[in-house]
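Residues per chain, in single letters:
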Amino acid sequence: MGTIITLRGRGLVEGVAKGRAIVVNRPISFLGDVDAKRGVLVMPGTELNGVRIAGRVLVAPSSKGSTVGSYVLYGLAKKGLAPAAIVMREAEVIVIVGCVLAGIPLVDKLDRDPLSLVESGDTVLVDGSRGIVEVYKQCRGSS
Amino acid sequence: MFLTREEELMLEGHYGEIYSRALKVLVKVGEALGAERLVEVPWAHVSGISYTSIGDAGLEFLEEFSKARVKTYATCNPAGITADSCRELGVPEDYVRKQLRILRSLERMGVKLTLTCTPYTLRQVRPGTHLAWGESNAVIYVNSVMGGYTNREGAPTSLLAAITGKTPLIGLHLDENRRPTVRVKLHKLSSVNSELKASVLGYTIGSIVRRGVPLIEGLRLTRPDLIKYMAAGLGTSSSIGMMIIPEVYPLASVLKDIRMEELEVIEVDEDDLRSRMEMYSSGFPEDSMVLLGCPHLSLDEIREIAWLMEKLDAKAKMLTVITTGRPVYEQAVASRLAEFLERRGVKLLGGVCMVVGPLREMGVRHVITNSAKAAHYIKLLHGINVTLLDTRDCILASTGYLR
């Protein structure tokens, strides 16, 4: 048995998607931190290096870096390598533009911090139309 | 967000699918950032057109959106390379083909292939005119010197503004965000008398102030055109979109309502500039490329370089590239200035930006330039070491007089 945590925030780009979470604990630059050809993270020295983002729910504080990052999201979507949905503490222009162009549901400004509640591997449902994020937590061992 | 009837129709797809998607992006951005409405722009300057910068994803995007025509006057930034400049520089064919596909897409959309990072030299801008410009040096210049109203648009949003003729009414489009947020005092600084010093000064201020609208006090420029180097440096090290130099800003009357004593004061002196300069001092190796033209050179500046070569009666010994926009390049060719420089071993490229060009592919190992912006990005994007020198010393290094 598991529990479901529901977070409410701002739905920026519509659409509903479900996937396993991948949590990046710092602002992400889609140009640089993501390999646009293979759809994997490029974060040398961290356990996220080489992890695929295709079909996953990407959780991060915000985006940063070059505005070309929007094109990277669009390019990933055309190849079927884009994240299923994106959840951010606060989305800024690069990720908003990229998600609209790529059709990726995007939610931000949630009532509780997604970075402390969501762990990589959790199943997450994102409703970008209503601004709702549901996190499915598996019970672990005795706790 | 409030939308006009015409904007609603565009969003609903009455003008076609591309316009609808383009406007949707701008509306979403506007809503997220709290814009009350969109504003019409008579001029969009499209950035992000070099294949080095935007890659295959950007190329595909441009080709898909090139089914639409721009609804406003639209100019564009320089490319990584152009058809007539690539052969002698040894750029791989695949790169050239993709860069040319990008340019053809823009042309199909009706974007003027001005290929310049100094669009403010193309037309007059009446103070208060709303614009949607990409390219930070141009944004800072037009806001600060001509009184235009534009945010620092990114690659996609500048293109979408060109397609729709609109941009969200936020940020520097609103008077309340165009007031100084910090005072920068330069009273211990000797006069700014070179492209290099202006450029490093802007770069230094940007790296200290980072955001907002700095009010620059005590600036002494020996030539007004040095401001463009300062603007380029400022945009490189910060997210700043405008500065206020009271002697220059055409809308400086806003300053009379500002409580100066309430603003934070930052002092910048010669030591601050020196420490930034030292980040770019890796000597003058013989296989360096000497690069002038970041931001793009005016015709007068190109003449100045030619005159210096003539005076030295010397020929460039290093690969020496100077860059300008397409319109100035055509004038330089017509007046045989380009030919003169060629004989002196100086390669004048029109419509090209070497900073986003295929430097590695060209085999460039080291760069000497007078521009802090070029130095910063060449090191960051290409991992190539750079030495900063003033314009005259760049030429002296190129001709072998400086070792």
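To start, this report covers the structure provided alongside it. Quick caveat, the model's predicted, so the values are computed rather than measured.

Moving on, we come to the overall build of chain B. When helices and strands are tallied, chain B shows 14 helices and 14 strands. Summarising its shape, the C-alpha atoms of chain B cover approximately 65 × 55 × 35 Å along the three principal directions. Counting across all 403 residues of chain B, residues that qualify as buried make up 62%. Of the contacts formed within chain B by residues at least 6 apart in sequence, a portion of 79% connects residues at least 24 apart.

On to the packing of aromatic side chains, then. The tally for this structure, following the rule as stated, stands at eight aromatic pairs over all chains. Seen in terms of ring centroids, Tyr74 of chain A and Phe61 of chain B are 5.2 Å apart; in terms of plane orientation they differ by 90°. Their pairing is edge-to-face. Of the two residues, Tyr74 of chain A sits in helix H2 (residues 69–78) while Phe61 of chain B sits in helix H3 (residues 51–65), which places them in two different chains. Per residue, the accessibility class of Tyr74 of chain A equals that of Phe61 of chain B, and both read buried. Judged by centre distance (4.3 Å) and plane angle (25°), the ring pair of Phe61 of chain B and Phe65 of chain B falls under stacked. Note that Phe61 of chain B and Phe65 of chain B are positioned in helix H3 at a spacing of four residues, about one turn of the helix. Aromatic ring contacts, followed pair by pair, group Tyr71 and Tyr74 of chain A together with Phe61 and Phe65 of chain B into a single cluster. Note that Lys71 of chain B overlies the ring of Tyr15 of chain B, its terminal NZ or CZ placed 5.0 Å from the centroid. Just above the ring of Tyr19 of chain B sits the side chain of Lys71 of chain B; from NZ or CZ to the centre is 4.8 Å.

Residue and element names in this part refer to chain A. Of all 10 residues that make up H2, eight are buried, and the element is covered over most of its length. All of the buried residues in H2 are Gly69, Ser70, Tyr71, Val72, Leu73, Tyr74, Gly75 and Leu76. Looking at the residues trailing H2, positive phi occurs at Gly80, about 75°.

All names here are of chain B. Within this structure, the stated rule accounts for zero disulfides over all chains. Unpaired in this structure, Cys394 has its nearest cysteine sulfur neighbour in Cys294, at a distance of 12 Å. Overall, the relative accessible area of 0% leaves Cys394 in the buried class.

On to the sheet that holds strand S4 (residues 132–134) of chain B, then. Residue and element names in this part refer to chain B. Strands sit in the order S3-S2-S4-S5 across an open sheet of four strands; the sheet is parallel. Taken across any chain shown, the strands that pair with only one partner, and hence form the sheet edges, are strand S3 (73–76) and strand S5 (152–153). Here S4 pairs with S5 via two bridges, running parallel. Paired with Trp133 across the bridge in S5 is Arg152.

Attention now goes to the interface of chain A and chain B. In this complex, chain A contributes 19 residues to the contact, which on the side of chain B involves 22 residues. Summing both partners gives a buried area of about 1,800 Å² for chain A against chain B, and 67% of it is carried by carbon and sulfur. By the criterion of area lost to chain B, the three top residues of chain A are Tyr71, Tyr74 and Leu101 of chain A, representing 34% of everything that side buries. For the pair chain A and chain B, the interface holds three salt bridges. Across the pair Glu64 of chain B and Lys78 of chain A runs a salt bridge whose closest N-O atoms are separated by 3.4 Å. Linking chain A with chain B are seven residue pairs in polar contact (both at pLDDT 80 or more). When residues of the side of chain A that touches chain B are traced back to their parent elements, those giving at least two are strand S2 (10–13), H2 and helix H3 (93–102) of chain A.

Let's shift gears to the pairing of strand S14 (residues 385–388) of chain B. Note that strand S13 (residues 366–369) of chain B and S14 of chain B share four bridges and pair parallel. Note on S14 of chain B: the bridge partner recorded for Val367 of chain B is Val386 of chain B.

Residues and elements named next belong to chain B. One number sums up the size of the second largest pocket: a volume of about 380 Å³. Every residue lining the second largest pocket is counted, 18 residues in all, and those nearest its centre are Glu195, Arg223, Glu304, Thr391 and Arg392. Those elements giving two or more residues to the lining of the second largest pocket turn out to be helix H10 (299–312) and helix H14 (391–399). Ranked by residue count, the leading element in the lining of the second largest pocket is H10, at six residues.

This paragraph deals with the pattern of salt bridges. Residue and element names in this part refer to chain B. A complete count under the given rule lists 38 salt bridges over all chains for this structure. As a salt-bridge pair, Glu8 and Arg5 come within 3.1 Å of each other at their nearest N and O atoms. Taken together, the residues Glu8 and Arg5, both in helix H1 (residues 5–12) and three residues apart, mark about one turn of the helix. Accessibility expressed as a relative area gives 53% for Arg5, which makes it exposed. Sharing partners across several salt bridges, the network here consists of Asp56, Glu93, Asp94, Arg97 and Lys98.

Criteria and cut-off values
Every chain is numbered on its own, with residues counted from 1 as its sequence reads. Chains and ligands are labelled sequentially in the order written, the chains with letters from A and the ligands with numbers from 1. Per-residue local features of the predicted model are confined to residues with pLDDT of at least 70, and side-chain atom pairs are confined, for both listing and counting, to 80 or more; whole-chain, interface and lining totals are unaffected and use all residues. Values reported for side chains reflect all heavy atoms of the structure, with hydrogen atoms and water molecules removed beforehand. The secondary structure listing takes helices from DSSP runs of H or I that are at least 4 residues long and strands from runs of E that are at least 2 residues long, numbered from the N terminus. The rule is simple: take the accessible area with a 1.4 Å probe, protein chains only, and divide by the maximum for that residue type; under 20% is buried, over 50% is exposed, in between is partly exposed. Contact between two residues is taken to exist if any of their heavy atoms lie within 4.5 Å; hydrogens are not considered. Aromatic pairing here means that ring centres of Phe, Tyr or Trp (its six-membered ring) are within 6.5 Å. Orientation follows from the plane angle: under 30 degrees is stacked, over 60 is edge-to-face, and everything else is tilted. Two conditions define a charge sitting above a ring: the NZ of Lys or the CZ of Arg must be within 6 Å of the ring centre, and it must be within 35 degrees of the ring normal. Note that a disulfide, as used here, is simply two cysteine sulfur atoms within 2.5 Å. A pair of strands is treated as paired once DSSP finds two or more bridges between them. Reported buried area values correspond to the accessible surface (1.4 Å probe) lost by two parts on association, with both partners' losses combined. Salt bridge, as used here, is a side-chain nitrogen of Lys or Arg placed within 4 Å of a carboxyl oxygen of Asp or Glu. Two N or O atoms form a polar contact when they lie within 3.5 Å of each other; inside protein one atom must be a possible hydrogen donor and the other a possible acceptor, and for residues adjacent in sequence the pair counts only when both atoms belong to side chains. Detection works on a 1 Å grid of protein atoms alone, calling trapped sets that fit a 1.4 Å probe cavities and calling open sets with protein on both sides within 12 Å along at least five of seven lines pockets, with lining residues defined by an atom within 4 Å of a point. Grid points are joined across faces, edges and corners, and a volume is the space filled by probe spheres set on the points.

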